[in-house]
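The primary structure of each chain is shown beneath.
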Amino acid sequence: MSQVEVKAYGAKASDADLEQLDIKRREVLPNDVKIDILYCGVCHSDIHQVRNDWGNSKYPVVPGHEIIGRVIETGNEVSKFKEGDLVGVGCMVDSCQECESCKEGLEQYCENGMVGTYNGKDEHLGGHTFGGYSETVVVREKFVLKVPENIDAKGAAPLLCAGITTWSPLRHWKVKKGDKVGVIGLGGLGHMGVKFAAALGARVVMITTSPGKSEDAKKLGADEVLISKDEEQMKKHTGSFDFLLNTVPVKHDLNPYIGLLKRDATMVLVGAIEPLEEMHGGGLIIGRKSVAGSVIGGIPETQEMLDFCGEHNIVSDIEMIDMQNINEAFDRVTKSDVKYRFVIDMKSLKN
């Protein structure tokens, strides 16, 4: 298969800094879309993969699954996109399309394993896929998304991961106007959860350990802030939430939050992909409560989310960086020193 060489940024080992690399992209196939990447968000998953925190990384790692760009070429069987369209690519670039999950538009749960935008199995060139820290990307039409032209393209980049990660559970558990929704943790995911829940008409309570985040939470759309370390405040909210979105990215104690749920209500985890503190079964049994998990969303749901953002003018709060500053940005993400998502201006790589 014919290939082209493009500039990218990646890491050659788990203890190496990211540096400029040349990678191969396939030439456009009949159902492919070639995208000139304008912006790419920086996700904590990028750091986990570069540093092999999950033990499955393939090197060199070229991260990036929050991609915004313009179409520069399409295959002759492509019908949904044309040159110049503003488009996005999220966390996956392919799936089997044959299993029950894929048939239902839930490609993220593909029973044969969806293909990650980076560190996935590259069926075309062999080896593994490379992500959006690069000049261009070639993606199957089915996995390319239309981005509304009226929203800020830079702020739209994190919608492709942080956005859909929080939108999908709000939709699946049918959060509606008037529901009392708690968003636990105010970071890249949490700030999107607050914006979406508020736009859906819920009464939104930001739940955080940090009193200093109260003002920001209210600016983002929270009606109230609950400091989870304050036992009196927690007691006042016992048994009152219709839904909890837990965005905390590290091991923590779920028990205090379970106590906040109403009978038959659910807390959904979207952040901590690791062992958690012991959970007391009684907290679930008394009240028929649920703890569940959710990962990104399928292509139809991601398009629904982007369209909703277009209608309500919702984007992420971001800080722009040049590609050459990515290692410093990784350090800052690890220290939670960003409000609330870094986005790379890919002009800096091309120049």
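Caption draft 1: Focus on the environment of arginine 25. As for its placement among the helices and strands, arginine 25 is situated in strand E2 (residues 19-26). Taking the C-alpha atoms as reference points, arginine 25 and valine 6, separated by 19 residues in sequence, lie 7.1 Å from one another. Look past the residues within four positions of arginine 25 in its chain and what remains in contact with it is Gln3, Val4, Val6, Leu125, Phe130, Gly131, Ser134, Thr136 and Val137. Here phenylalanine 130 takes part through its backbone oxygen, which lies 2.8 Å from a polar atom of the side chain of arginine 25.

Caption draft 2: Focus on the packing of aromatic side chains. Inspection of the entire model under this criterion finds 4 aromatic pairs. Residues tryptophan 173 and phenylalanine 243 carry aromatic rings whose centres are separated by 6.3 Å and whose planes lie at 35 degrees to one another, so their mutual orientation is tilted. Of this pair, tryptophan 173 sits in the loop between helix H4 (162-172) and strand E10 (180-184) while phenylalanine 243 sits in strand E13 (residues 241-246), placing them 70 residues apart in sequence. Taking relative accessible area as the criterion, tryptophan 173 reaches 29% and is therefore assigned partly exposed. One aromatic cluster is present, built from ring pairs that chain together Trp167, Phe196 and Phe308. The ring of phenylalanine 81 has lysine 146 sitting right over it, with the charged end atom 4.8 Å from the ring centre.

Conventions we followed
- Residues numbered from 1 in each chain as written.
- Predicted model: local features only at pLDDT ≥ 70, side-chain atom pairs only at ≥ 80, totals over all residues.
- Heavy atoms only, no water.
- Helix = DSSP H or I, 4+ residues; strand = E, 2+ residues; numbered from the N terminus.
- Contact = heavy atoms within 4.5 Å.
- Polar contact = N/O pair within 3.5 Å; in protein donor to acceptor, adjacent residues only side chain to side chain.
- Phe/Tyr/Trp six-rings, centres within 6.5 Å; stacked < 30°, edge-to-face > 60°.
- Buried < 20%, exposed > 50% of the residue type's maximum accessible area, 1.4 Å probe, protein only.
- Lys NZ or Arg CZ within 6 Å of the ring centre and 35° of its normal.

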